[in-house]
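In case you want the letters, here they are:
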Amino acid sequence: MTSSIRKVKLNNGVEIPIIVGSGSYAPPETRDKVKDWILSALKNGYRHIDTAYIYGTEKAVGEAIKASGIPREEIFVTTKLPWNHQDRVAESFNTSLEALGTGYIDLYLIHWPQAIVFEEGNPLPRNPDGSFKTTDKVNFNDAWAEMEKLLQTGKVRAIGVSNFSIKTLEKLSMTAKVTPAVNQVELHPYLAQNELRDYCAKKGIALTAYTPSGYSVVRDDPLIVSLAEKYKATPTQIIFAWHLSRNTIIVPKSENSERQKENITIPALSEEDLGKIWGLDRGQRICNKAHPTTGQVFGWTLEQLGWETYPPKL
Ligand SMILES: NC(=O)c1ccc[n+]([C@@H]2O[C@H](COP(=O)([O-])OP(=O)(O)OC[C@H]3O[C@@H](n4cnc5c(N)ncnc54)[C@H](OP(=O)(O)O)[C@@H]3O)[C@@H](O)[C@H]2O)c1
C-alpha cells in the first residue's frame, strides 16, 4: 500500500497532486462542518482541495488551509466559475479568491459548459415548466477568453474546464488561445470515459475524476468486492488503485478521518486485475445524469453536452 503524494505536470508546467485530492462539496445543511473535515483531510496528507463558488465552501476551505499551518505553496487549490457567471468572469474569480483568502488560485475551471441566466441570489433559476433558464447571450467561448485574461494577472496558475465532452472541447478549441490544462468530469469504473481520455491525452489536457468512487453502485460491484478481499483492501481502495494506474487525478470527498486515511492508502494491483476493472465500463452516469422527464442535465440536453455518444447501456 502506498500513500505517497505523486504529481502530474499540467500542459503549462504547473504540477498537481494526482491522488491526494479532497472534494469539498457539501449540502447547505452541513456546510458549518466543512472547515473541520477539510482541516482533517489536510492533517491526513491531502494536498489538493477541490471547491467551487456554487458549493458555498470556499470560505471554509480557506479557513482550514490557514488553520492547518501548512505553507500555502504546498497546497493545490481548485475552484470553479459557476454557470450563471459566464458573463462576469473577473468579478466572480475575485469573489472566489477573496472567500478563499489564499492569495492566488492554483486552478480555475469553467464548472459547466452551459450558461444559465444570472438572477441575484438564485443560482438555479427555472422556467415555469421546471427546466433551467439557460441563455445564449454568453457562451463558454466568451467565458474562456476572459479566463485567459486571468492568467495575465498572476492570480491563477492554470485554467481549465469541467463537464466538457469531445464535442464541447472541439467547439472551445475554435477560439481558445490557451488549451485547457484540465477537464474535470465524472469518471469511475462504470464510466471510464476512454474516448474522452484518449482525446484529452492527445491535446495535453489532464483529466480529473469527480465521483471517483462511483458511490456504493461501484463499491458494491461483485468484481470490486472480490478484489478487495484478494488484496486485503477496501472496495474504495481497489477503485482508486485503478484510477492511479491510469494517471487520473482524483478528488474523493470524505468527512470521516478514517475514510480519508483509507482513501489515500492505495494497493498495487496486477495488470490482469486492473484489466478486469477496465472491463466494468458501461457508460453509466451516477452523479449527474439526464433528468427523467426533461432529458436535460442542468438545462442542456445530452446532445448539447456532447454526452449522447456515450449513453448508458443499462
Ligand atoms: N465538477 C463537477 O461538476 C463536480 C460534480 C460532483 C463532484 N465534484 C467534486 O468531486 C468531489 C467528490 O465527488 P463525490 O462526492 O460526488 O464522489 P466521491 O468522493 O466518490 O464519494 C463521496 C461519498 O462517498 C463516501 N465515502 C468516501 N470515502 C469512502 C470510503 N472509503 N468508504 C465508503 N464511503 C466513502 C462519502 O461519505 P463520507 O463523507 O461520510 O465519508 C460520500 O458520501 C466533490 O466533493 C466535488 O469537489 C465535482
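The protein is annotated in an unreviewed UniProt entry as NADP-dependent oxidoreductase domain-containing protein from Hebeloma cylindrosporum. According to the UniProt record, the Sequence similarities (unreviewed entry) comment for the protein reads "Belongs to the aldo/keto reductase family."

Topic: the UniProt feature "binding site: substrate" (unreviewed entry) in the protein
Look at the UniProt record and you will see "binding site: substrate" (unreviewed entry) annotated at H111. With respect to the helices and strands, H111 occurs in the loop between β6 (105–110) and α4 (140–153). Ignoring anything within four residues of it in the chain, the contact list for H111 reads A52, I54, Y55, K80, L81, P82, S162 and N163.

Looking at the side chain of K80
Relative to the helices and strands, K80 resides in strand β5 (residues 76–81). Only 3.0 Å separates the side chain of K80 from the backbone oxygen of T51, close enough to count as a polar contact. Only 3.1 Å separates the side chain of K80 from the side chain of Y55, close enough to count as a polar contact. In this structure, K80 is in contact with D50, T51, A52, Y53, Y55, Y108, L109, H111 and Q184, ignoring residues within four places of it in sequence.

Notes on α4
The end-to-end C-alpha distance of α4, which contains 14 residues, comes to 20 Å, matching closely the 20 Å that a straight helix rising 1.5 Å per residue would cover. Those residues of α4 that fall on the buried side of the exposure criterion are F140, N141, A143, W144, M147, E148 and L150. Viewed along the axis of α4, the buried residues span an arc of 150°, placing them on a single side of the element. Of the surrounding elements, those touching the buried residues of α4 are β5, α3 (89–100), β6, β7 (156–162), α5 (166–173) and β12 (300–301). Directly beyond the C-terminal end of α4, a positive phi value near 75° is found at G154.

So, how was this worked out
Residues numbered from 1 in each chain as written. Predicted model: local features only at pLDDT ≥ 70, side-chain atom pairs only at ≥ 80, totals over all residues. Heavy atoms only, no water. UniProt positions renumbered as here; feature names shortened; annotations may be inferred. Helix = DSSP H or I, 4+ residues; strand = E, 2+ residues; numbered from the N terminus. Contact = heavy atoms within 4.5 Å. Polar contact = N/O pair within 3.5 Å; in protein donor to acceptor, adjacent residues only side chain to side chain. Expected span 1.5 Å × (residues − 1). Buried < 20%, exposed > 50% of the residue type's maximum accessible area, 1.4 Å probe, protein only. Arc of directions from axis to C-beta.

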